[in-house]
Amino acid sequence: QVQLVESGGGLVQPGGPLRLPCAYPGTIERPIALGWYRQVPGKQRGSVAGIASGGSTNYADSVKGRFTISKDNAKNTVYLQMNSLKPEDTAVYYCVAVWVGETSMESTWGQGTQVTVSS
């Protein structure tokens, strides 16, 4: 089963930065989209940012101007740079990859990484 691996989570003070990398396997040769979601207990997982194969990006309104999604195709890695973090950004962050499989669209998620913003 194809899996993604997130890292970089941890405890950070309000206003601080954090960068989350997510590595995807080389078997996903040309993902058509990569994205980051987050989830807090008792709530649904929600989209944070996404990046298409051509490089276009989209962001949740709550993170616009503070978060940046990017990817390194050579390293098979997607990043989420988070700046000016707020306590409400505290969540488990998940990355997702979408690609065209042999017969249908495929997607897979990482295991999640906890981000806690607190003083």
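Quick note: structure is the one above.
Residues numbered from 1 in each chain as written. Predicted model: local features only at pLDDT ≥ 70, side-chain atom pairs only at ≥ 80, totals over all residues. Heavy atoms only, no water.

Trainee: Account for the pattern of salt bridges, naming residues and giving values.
Mentor: Taken as a whole, this structure holds three salt bridges when the rule is applied. One salt bridge connects D89 with R38, and the closest N-O pair in it is separated by 2.9 Å. Of this pair, D89 sits in the loop between β8 (77-82) and β9 (91-100) while R38 sits in strand β4 (residues 33-39), placing them 51 residues apart in sequence. Of the two residues, D89 and R38, neither departs from the other in class, the shared state being buried. The salt bridge involving D61 is made with K64; its shortest N-O contact spans 3.1 Å. Three or more residues are tied together by salt bridges with common partners; here these are R38, R66 and D89. (Salt bridge = Lys/Arg side-chain N within 4 Å of Asp/Glu carboxyl O. Helix = DSSP H or I, 4+ residues; strand = E, 2+ residues; numbered from the N terminus. Buried < 20%, exposed > 50% of the residue type's maximum accessible area, 1.4 Å probe, protein only.)

Trainee: Tell me what's going on with unusual backbone geometry, and back it up with residues and numbers.
Mentor: Of note, N76 is a non-glycine position whose phi angle comes to about 50°, a positive value. Summarising the element assignment, N76 is placed in the loop between β7 (67-72) and β8. Although it is not a glycine, S84 sits at a positive phi angle of roughly 50°. Relative to the assigned elements, S84 resides in the loop between β8 and β9.

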